[in-house]
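These are the residues of each chain, in order.
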Amino acid sequence: MGDIRRRGAVALGVTALVAPLTLALGAAPAQAASCTTQAGPYQKKVEKFLGRPADGKQSTADCKAIRAFQTKHGIKPNVGYAGPVTWGVMDLMQKQKAVGKNPNKSGKCPVNRGRIACVNLTLQLSWIQDGKKLVYGPVPVRTGRDGHETRTGLKKVYWRNIDHHSTLYDVPMPYSQFFDGGQAFHSAGVSMWNPPGSHGCVNMTKTVAKKYWSLLKKGDDVYVYGRKPGT
């Protein structure tokens, strides 16, 4: 995120973080020159996830399927190797799916504060609830990478800017809702599973960011908890 103008008496934090220019603009990763013939340490698991014959042996068709997944989600190098990063993304997807429509089963996000936006860093999920009632979500999000972690704790939406633009990275941050210094919910043109993560913001698809914009207002609570894998 970039520096933020003053609005009234509110001064925003000087540390403003956002995804790099190429990610924020949704640029697709360059295709690798060739497809690897080597089986990776997670070959069987990756094959099973992709609906391929889980024999643990790399084939041309396996490599093509793995490479397509890597390209879609910005995993580099996208050479079709079933390594830890690729499997980590797939494993996270499975865990997110398993949550279903009960994201606050553990009760970690407060249910006594009315409307609140919850962010589970461990599962990279966010949702909006009102007391114990689930209002929207859960939806996959992309939070801060190692060294630029999205800060945990109870916060409040304190400034909203539908057409915010980062002056630090010179990139758009549509539907920005700031809740902790330069950290905000906002739309990002990149896969929500694109590693290693943002520079602190909670990235969302445009559809989700628009929905959050319509459901939240200045003063609403935000609760961030857990720890993003790899941080």
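Cut-off values and rules
Residues numbered from 1 in each chain as written. Predicted model: local features only at pLDDT ≥ 70, side-chain atom pairs only at ≥ 80, totals over all residues. Heavy atoms only, no water. Core = buried A, V, L, I, M, F, W, Y, C linked by side-chain atoms within 4.5 Å. Buried < 20%, exposed > 50% of the residue type's maximum accessible area, 1.4 Å probe, protein only. Helix = DSSP H or I, 4+ residues; strand = E, 2+ residues; numbered from the N terminus. Contact = heavy atoms within 4.5 Å. UniProt positions renumbered as here; feature names shortened; annotations may be inferred. Pairing = 2+ DSSP bridges. Axes fitted to C-alpha atoms, helices over the stretch in contact; angles between N-to-C directions. Phe/Tyr/Trp six-rings, centres within 6.5 Å; stacked < 30°, edge-to-face > 60°. Lys NZ or Arg CZ within 6 Å of the ring centre and 35° of its normal. pLDDT = per-residue confidence, 0-100. Polar contact = N/O pair within 3.5 Å; in protein donor to acceptor, adjacent residues only side chain to side chain. 1 Å grid on protein atoms, 1.4 Å probe; cavity = no way out; pocket = protein on both sides within 12 Å on 5 of 7 lines; lining within 4 Å. Points joined across faces, edges and corners; volume = space filled by probe spheres on them. Domains from an automatic or database assignment.

The name an unreviewed UniProt entry assigns to the protein chain is Murein L,D-transpeptidase, from the organism Streptomyces pactum.

A general trend in soluble globular proteins is that nonpolar side chains are found buried together. Of all hydrophobic cores here, the largest spans 21 residues; its most connected members are Phe-185, Met-204 and Tyr-212. Those elements that place two or more of their residues in this core are strand S1 (115-120), strand S3 (133-140), strand S6 (171-180), strand S8 (202-204), helix H5 (206-215) and strand S9 (221-225). It is H5 that contributes the most residues to this core, five residues altogether. Aside from chain neighbours lying at most four places away, what touches Met-204 is Ser-126, Val-141, Phe-185, His-186, Ser-187, Ala-188, Met-192, Ala-209 and Tyr-212. The next biggest cluster of nonpolar side chains, apart from the first, holds nine residues, and it includes Val-46, Ile-75, Ala-82 and Met-93.

Time to look at the UniProt feature "active site" (unreviewed entry) in the protein chain. The feature "active site" (unreviewed entry), as given by UniProt, occupies His-186 and Cys-201 in the numbering adopted here. A maximum C-alpha distance of 7.4 Å places the annotated residues, which cover 16 residues in sequence, within one compact spot. In this structure, His-186 sits in strand S7 (residues 183-187). Within the fold, Cys-201 resides in the loop between S7 and S8. On the basis of relative accessibility, which here comes to 0%, the residue Cys-201 falls in the buried class.

Let's shift gears to the sheet that holds strand S4 (residues 153-156). Pairing within the open sheet is mixed, and its five strands lie in the order S3-S2-S1-S9-S4. The sheet terminates laterally at S3 and S4, the two strands that pair on one side only. Pairwise comparison of adjacent strand axes, ignoring direction, gives a mean angle of 20° for this sheet. As defined by bridge partners, S4 adjoins S9 across four bridges and the pair is classed as antiparallel. Its bridge partner lying in S9, Gly-153 is registered against Val-224. Against the sheet, H5 touches S1, strand S2 (125-130) and S3, its axis set at about 155° to S3.

We now examine the packing of aromatic side chains. Applying the stated criterion across every chain yields a total of eight aromatic pairs. For the ring pair Tyr-175 and Trp-213, a centre distance of 6.2 Å and an interplane angle of 70° mean the geometry is edge-to-face. Here the residue Tyr-175 occupies a position in strand S6, and Trp-213 occupies one in helix H5, the gap between them amounting to 38 residues. Here the two residues Tyr-175 and Trp-213 agree in accessibility, since each one is buried. Aromatic rings pair up to connect Tyr-136, Phe-179, Phe-185 and Tyr-212 into one cluster. Lying over the aromatic face of Trp-213, Arg-160 brings its terminal NZ or CZ to 3.9 Å of the ring centre.

This brings us to the confidence of the model for the protein chain. When pLDDT is averaged along the protein chain, the result is 88, and 86% of the positions lie at 70 or above. Under a pLDDT of 50 for its full length, residues 1-32 has, in the predicted model, 83 contacts with residues more than four places off or in other chains.

If you trace the backbone, Asp-180 turns up in strand S6. For the pair Asp-180 and Thr-150, spaced 30 residues apart in sequence, the C-alpha separation works out to 9.0 Å. Not counting residues up to four positions away in its chain, the partners in contact with Asp-180 are Arg-151, Lys-155 and Tyr-158. Among the polar contacts made by the side chain of Asp-180, one reaches the side chain of Lys-155 at a distance of 2.6 Å.

Our next topic: the layout of surface pockets. Where empty space is left can be seen by rolling a probe of water-molecule size over the atoms. Within this model, the largest pocket holds a volume of roughly 400 Å³. Considering the residues around the largest pocket, the lining is formed by 20 residues, among which Val-89, Leu-92, Pro-195, Lys-228 and Pro-229 are closest to the centre. Viewed by domain, the lining of the largest pocket spans two of them, domain 1 (42-97) and domain 2 (103-225), each represented by three or more residues.

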